[in-house]
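Single-letter residue listing:
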Amino acid sequence: MAIYCPNPACGKALKSGAKFCGYCGTVIASEPKPVPVPEHAASAPAPKPATRPADTFRAVNRMPQGIALGTDEQIVKKYTVGRYTLRQGAIDVIVTNKRVIRYEESNWLGLQSNRIDEVNIDAVHGVSCTMARSASIVGLAVAGLLSIVGLLFLFGAFNSRRMDYTMLFMGAIFLGIAVVILVNSFRPSMVFSIQGALGSSALETSVNVLGRMFGRNNSSIIFQFRPTAETTVMLKEIGACIYDLKTLGDKAIEKWR
């Protein structure tokens, strides 16, 4: 039998043997009259204790990329902003209501590579980006050298007493290779930086088509890659999206979805 406070304004449930009410201070009689429990309450099954999931790893809410989401964290925008040509892989920029995440996943010659950089949405101070069509100096030099060799072969073929088709064929091969290298020496590139602290020093990086360089300090992330069709869309949206999430909070989620 449960014991209740006799004060009509209180009526709180009390421990058996209590001498006064711990809520309103009403003194309990030496032999308090027990209040019967309603029949519907007695017949109701006792609530089951919460159990821990058997597989905690699978129970965690995750993004499609496998990145775990925090409590009350939701994906707002996702952009595939970079891809690789010689090796399979892509670079995603994911904006949640809690973080801005850069995730890279690639598989080159069977070697799996994963990289993640992130910054809290409340700590983002600014976004900086530069897009350009850069040229590989080494590629231009190799293309020029092959072009000279090809022209020498053609000059020798046409200036011999009889047309030398072997030299003509070799000249055409060298010129064809030179054209392919020349075309691939001009590629789009991009440097994208998220600055995470007020007054942080400017980030510097060297960008070219031969490779990519990541620079990082305690409050910023930066990366370079070959952009995709979604890159320009991200550049025009991400600043406003982050601003709305910082000022409006979760109210901005549906807008940007």
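Higher on the page you've got the structure.
Residues numbered from 1 in each chain as written. Predicted model: local features only at pLDDT ≥ 70, side-chain atom pairs only at ≥ 80, totals over all residues. Heavy atoms only, no water.

Peer 1: Teacher, can you tell me more about the overall build of the protein here?
Peer 2: Secondary structure summary: the protein contains six helices and 10 strands in total. When burial is assessed residue by residue, the protein has 30% of its 257 residues classed as buried. Excluding contacts between residues fewer than 6 apart, the proportion of contacts in the protein whose partners are at least 24 apart in sequence is 53%. In the structure as shown, the protein presents an accessible area of about 16900 Å², 59% of it carried by carbon and sulfur atoms. (Helix = DSSP H or I, 4+ residues; strand = E, 2+ residues; numbered from the N terminus. Buried < 20%, exposed > 50% of the residue type's maximum accessible area, 1.4 Å probe, protein only. Contact = heavy atoms within 4.5 Å. Areas by Shrake-Rupley, 256 points an atom, 1.4 Å probe, with all protein chains shown as cover.)

Peer 1: It is not clear to me how the nonpolar core should be interpreted in this structure. Could you clarify?
Peer 2: Side chains of a nonpolar character, in soluble globular proteins, are inclined to be buried together. Counting 22 residues, the largest nonpolar core has Val 93, Val 100, Phe 192, Met 234, Ile 238 and Leu 245 as its most contacted members. Ranked by the residues each element gives to this core, the list is headed by helix α5 (residues 229-248), at five residues. Contacts of Ile 238, omitting those with residues within four sequence positions, involve Val 93, Val 95, Val 127 and Phe 192. Ile 67, Ile 94, Ile 101 and Tyr 103 belong to the second largest nonpolar core, which has six residues in total. (Core = buried A, V, L, I, M, F, W, Y, C linked by side-chain atoms within 4.5 Å.)

Peer 1: It is not clear to me how unusual backbone geometry should be interpreted in this structure. Could you clarify?
Peer 2: Working note: non-glycine residues mostly have negative phi, and peptide bonds are mostly trans. For Asp 72, which is not glycine, the phi dihedral falls at a positive 60°. Structurally, Asp 72 is set in the loop between α2 (56-59) and β3 (75-83).

Peer 1: Looking at this structure, I do not really get the pattern of salt bridges. What am I missing?
Peer 2: Any two side chains of opposite charge can pair, on the condition that their charged atoms come close. This structure, assessed with the given rule, holds nine salt bridges. Close ionic contact of Arg 99 with Glu 73 constitutes a salt bridge, the shortest N to O distance being 2.8 Å. Taken as a pair, Arg 99 in strand β5 (residues 99-108) and Glu 73 in the loop between α2 and β3 lie far apart in primary sequence, 26 residues in all. The exposure classification of Arg 99 matches that of Glu 73, with both residues buried. A salt bridge links Asp 117 to Arg 102, with the shortest nitrogen-to-oxygen separation between them at 3.5 Å. Of this pair, Asp 117 sits in strand β6 (residues 111-120) while Arg 102 sits in strand β5, and the two are 15 residues apart along the sequence. For Arg 102, a relative accessible area of 1% corresponds to the buried category. Put simply, Arg 102, Glu 104, Arg 115 and Asp 117 are held in one network by salt bridges that share partners. (Salt bridge = Lys/Arg side-chain N within 4 Å of Asp/Glu carboxyl O.)

Peer 1: How should I be thinking about helix α4 (residues 165-184) in this particular structure?
Peer 2: Helical geometry: 3.6 residues make up each α-helical turn, so side chains three or four residues apart lie on a common side. Here α4 contains 20 residues, and its C-alpha end-to-end distance of 29 Å stays within 8% of the 28 Å for a straight helix at 1.5 Å per residue. Its side-chain oxygen placed 3.1 Å from the backbone nitrogen of Thr 166, Asp 164 serves as the N-cap of α4. (Expected span 1.5 Å × (residues − 1). Polar contact = N/O pair within 3.5 Å; in protein donor to acceptor, adjacent residues only side chain to side chain.)

Peer 1: I would appreciate a short explanation of the pairing of β6 in the present structure.
Peer 2: Within a regular strand, side chains alternate between the sheet's two faces. By the bridge criterion, 10 bridges tie β5 to β6 in an arrangement that is antiparallel. By the bridge assignment, Arg 102 is partnered in β6 with Asp 117. The turn linking β5 back onto β6 is made up of two residues, and Leu 109 within it adopts a positive phi angle of 55°. (Pairing = 2+ DSSP bridges.)

Peer 1: I'm lost on the environment of Val 81 in this one. Help?
Peer 2: Among the structural elements, Val 81 can be located in strand β3. For the pair Val 81 and Ile 91, spaced 10 residues apart in the sequence, the C-alpha separation amounts to 5.9 Å.

Peer 1: What exactly am I supposed to notice about the sheet that holds β6 here?
Peer 2: One key point about sheets: their strands pair by backbone hydrogen bonds, in either a parallel or an antiparallel sense. Spatially, β3-β4-β5-β6 is the arrangement adopted by the four strands of the open sheet, whose pairing is antiparallel. Either end of the sheet is taken by a strand with one partner, and the two such strands are β3 and β6. Adjacent strand axes in the sheet meet at a mean angle of 15°, parallel and antiparallel pairs treated alike. Pairing of strand β4 (residues 88-96) with β5, which is carried by eight bridges, proceeds in the antiparallel orientation. Bridging from a neighbouring strand, Gln 88 pairs with Asn 107 of β5. (Axes fitted to C-alpha atoms, helices over the stretch in contact; angles between N-to-C directions.)

Peer 1: Just checking my understanding: could you explain a nonpolar patch on the surface for this structure?
Peer 2: Residues Phe 169, Met 170, Ile 173 and Ile 177 make up a contiguous nonpolar surface patch of roughly 350 Å² in combined accessible area. Its place among the elements puts Ile 173 in helix α4. (Patch = residues over 30% accessible without salt bridge, like charges linked within 9 Å, V, L, I, M, F, W, Y side chains within 5 Å.)

Peer 1: Got a minute to help me understand the packing of aromatic side chains in this structure?
Peer 2: Aromatic rings considered in pairs are described by the distance between their centres and by the relative angle of their planes. Enumeration according to the criterion identifies one aromatic pair in this entry. Relative to Phe 174, the ring of Phe 153 has its centre 5.6 Å away and its plane inclined at 10°; by these criteria the two rings are stacked. Taken together, the residues Phe 153 in helix α3 (residues 137-158) and Phe 174 in helix α4 connect sequence positions 21 residues apart. Residue classification places Phe 174 among the partly exposed residues on the basis of a relative accessible area of 22%. (Phe/Tyr/Trp six-rings, centres within 6.5 Å; stacked < 30°, edge-to-face > 60°.)

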